[in-house]
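# Inside the fold
Here's the letter readout for the chains.
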Amino acid sequence: MQTSNKLTLFMSFVALCSGVLLALMIKLNSQLAMYSSPLLASWMAHGIGAITVLLMLFLLRKRLVCKEAKSTLNADASRSLLPWWVYLGGVPGAATVVLAAVTVNSELALAGTLALMLVGQLILSCIFDCCGYFGVVKQRIRFTEVIAMVMILLGAMLVIYSH
Amino acid sequence: MELMVLIALLNGGLIALSRTFNGALAKHSHALIASCCNHIVGFVVLSAWIICLESGTNQLQGQPPVYLYLGGVIGALFVVLNSWALPSLGVMRCTLLVICGQMLTGVMLDIISSANGIHWASLVGVCLMLAGVVFLNRVKQPTPQVKHANCSL
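Residues numbered from 1 in each chain as written. Chains lettered and ligands numbered in written order. Predicted model: local features only at pLDDT ≥ 70, side-chain atom pairs only at ≥ 80, totals over all residues. Heavy atoms only, no water.

### Looking at the overall build of chain B
For chain B, the helix and strand inventory stands at five helices and zero strands. Along the chain direction, N to C, the helices and strands of chain B fall in the order α-α-α-α-α. Looking at the 153 residues of chain B, the share that counts as buried comes to 56%. Sequence separation of at least 24 residues holds for 74% of the intrachain contacts in chain B that already meet a minimum separation of 6. Working note: accessible area of chain B is about 6700 Å², and carbon and sulfur atoms make up 72% of it. (Helix = DSSP H or I, 4+ residues; strand = E, 2+ residues; numbered from the N terminus. Buried < 20%, exposed > 50% of the residue type's maximum accessible area, 1.4 Å probe, protein only. Contact = heavy atoms within 4.5 Å. Areas by Shrake-Rupley, 256 points an atom, 1.4 Å probe, with all protein chains shown as cover.)

Right, here's the structure in full:
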């Protein structure tokens, strides 16, 4: 339990950091979109992102292969059972850009779109956690977590709508 | 209007779906592989969309500064970190933390870039979110953790 709590704390930090990256990415991409369109900017970002990861995979290949060898049995067993949809994370990701462009240009504007997207995201997240869909470890959502969720959502709304 | 609200909500759901898929792939292979798949598949889908449905708008107007292209690099790193963290945090916790990081950085960027400071409500929002994160981490994780042998970099 001790180690698992430490892991959770470390992973929480990783998730926070990824949020920082997300904000920076959105900032840069939205500026890039001013030179073309949101769609084209996202297309370029996906292309550049793909090249970046391929490069990273190439540079880290030795370390990765080492890791792989250590847990070959494990990985092989689990990979052969991997369902087809795990590879399709890019599809909803790409659709998001197209749909966001639609709603930002409607009466909702940027603030409304952002706020509703956060809410939609959290609703589905809770459903995935509760029901254990898509390989997620099934877990009950506790009352304290709901309070934390309300606090964070409220804070986010204040930030979004104070612009 | 109602339709737009529905689309925006659904769109948020798509984000959660995308991250869950990537997290599942990262759990069984590697976060880098997940990010790689995500970007290649996304690139193909968007290419198809642009070729089939958008004509005329797919041209750059002017010469954007080179640093703007870094968005793609940062995005790739985002997916790596996010799909690394998601399997052991659960989708909801991970989503909450990403939202916090995102909003706090947004406010930070505003403070740096705008001359006339930021609205007080933003500061209240930031405090609320920070309190929420602290609160979230005071909650003991109830379920046993996912095995994490192959997900670390």
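### Section: the pattern of salt bridges
Under the counting rule described, the total for this entry stands at one salt bridge over all chains. Residue E145(A) pairs with R93(B) through a salt bridge whose shortest N-O separation is 3.2 Å. Of the two residues, E145(A) sits in helix α7 (residues 143-161) while R93(B) sits in helix α4 (residues 91-113), which places them in two different chains. The exposure class of E145(A) is buried, given its relative accessible area of 4%. Classification of R93(B) by relative accessible area gives buried; the value is 2%. (Salt bridge = Lys/Arg side-chain N within 4 Å of Asp/Glu carboxyl O.)

### So, the UniProt feature "transmembrane region" (unreviewed entry) in chain A
Residue and element names in this part refer to chain A. According to UniProt, the feature "transmembrane region" (unreviewed entry) maps to residues 7-28, 40-60, 81-102, 108-136 and 143-161 in the numbering used here. End C-alpha to end C-alpha, residues 40-60 measures 30 Å, and it is 95% helix and 0% strand. The span residues 143-161 shows a helical share of 100% and a strand share of 0%, and its end C-alpha atoms are spaced 27 Å apart. (UniProt positions renumbered as here; feature names shortened; annotations may be inferred.)

### Observations concerning the UniProt feature "transmembrane region" (unreviewed entry) in chain B
UniProt annotation of "transmembrane region" (unreviewed entry) refers to residues 32-51, 66-87 and 118-137 of chain B when read in the numbering used here. Secondary structure within residues 118-137 of chain B divides into 90% helix and 0% strand; the distance between the first and last C-alpha atoms comes to 28 Å.

### A look at the packing of aromatic side chains
What the rule picks out here adds up to seven aromatic pairs over all chains. Measuring from ring centre to ring centre gives 5.2 Å for W85(A) and F21(B), while their planes differ by 35 degrees; the resulting arrangement is tilted. A residue pair is termed interchain when its members come from two chains, as with W85(A) in the loop between α4 (72-80) and α5 (90-104) and F21(B) in helix α1 (residues 2-28). Note on W85(A): relative accessible area 17%, which makes it buried. (Phe/Tyr/Trp six-rings, centres within 6.5 Å; stacked < 30°, edge-to-face > 60°.)

### Focus: the interface of chain B and chain A
In this assembly, 113 residues from chain B lie in contact with 113 residues from chain A. Together, the buried faces of chain B and chain A total about 10300 Å²; carbon and sulfur atoms form 77% of this surface. When the buried area of chain B at its contact with chain A is split by residue, F21(B), L46(B) and M92(B) rank highest and sum to 7% of it. Applying the counting criterion to the chain B and chain A interface returns one salt bridge. Viewed at the interface, chain A and chain B are joined by 12 residue pairs in polar contact (both at pLDDT 80 or more). With 21 residues, α1(B) is the largest single contributor of residues to the side of chain B that touches chain A. (Buried area = accessible area lost by both parts, 1.4 Å probe. Polar contact = N/O pair within 3.5 Å; in protein donor to acceptor, adjacent residues only side chain to side chain.)

### Things to note about the side chain of S35(B)
Turning to its location among the elements, S35(B) is positioned in helix α2 (residues 31-53). Excluding residues that lie within four positions of it along the chain, S35(B) makes contacts with V53(A), A76(B), V79(B) and V80(B).

### A short note on the environment of G135(A)
Tracing the sequence through the fold places G135(A) in the loop between α6 (109-131) and α7. Spatially, the C-alpha atoms of G135(A) and L82(A) are 9.8 Å apart, while their sequence positions differ by 53 residues. Sequence-distant contacts of G135(A), defined by excluding residues within four places in its chain, comprise W85(A) and K27(B).

### Focus: the nonpolar core
Formed by 73 residues in total, the largest nonpolar core has its most connected members in I152(A), L89(B), L96(B), I99(B), M103(B) and M129(B). Residue contributions to this core peak at 11 residues, all from α4(B). Looking at which domains feed residues into this core, each of domain 1 (24-90) and domain 2 (106-163) of chain A supplies at least three. Excluding anything up to four places from it in sequence, M129(B) contacts M151(A), I152(A), G155(A), A156(A), V159(A), C100(B), M103(B) and L104(B). (Core = buried A, V, L, I, M, F, W, Y, C linked by side-chain atoms within 4.5 Å. Domains from an automatic or database assignment.)

### Observations concerning the packing of α6(A) against α1(B)
Packing of α6(A) against α1(B) brings their axes to within 7 Å, and their N-to-C directions diverge by 50 degrees. Relative to α1(B), the element α6(A) lies oblique. In this structure, α6(A) meets α1(B) at a crossing whose hand is right-handed. Side by side, α6(A) and α1(B) meet where T113(A), L116(A), M117(A), V119(A), G120(A), Q121(A), L124(A), S125(A) and F128(A) of the first sit next to V5(B), A8(B), L9(B), N11(B), G12(B), G13(B), I15(B), A16(B), L17(B), R19(B) and T20(B) of the second. Here the contact of α6(A) with α1(B) is composed, by residue class, of 11 nonpolar, eight polar and one charged. (Axes fitted to C-alpha atoms, helices over the stretch in contact; angles between N-to-C directions. Parallel < 35°, antiparallel > 145°, perpendicular 65-115°, else oblique. Left-handed = near helix turned anticlockwise from the far one by under 90°. Nonpolar A, V, L, I, M, F, W, Y, C, P; charged D, E, K, R; others polar.)

### A look at the environment of A115(A)
Residue and element names in this part refer to chain A. Among the structural elements, A115 can be located in helix α6. Residue class for A115 comes out buried when judged on its relative accessible area of 5%. Taking the C-alpha atoms as reference, A115 lies 8.6 Å from Y161; in sequence the two are 46 residues apart. Among residues more than four places away in sequence, those in contact with A115 are M157, I160 and Y161.

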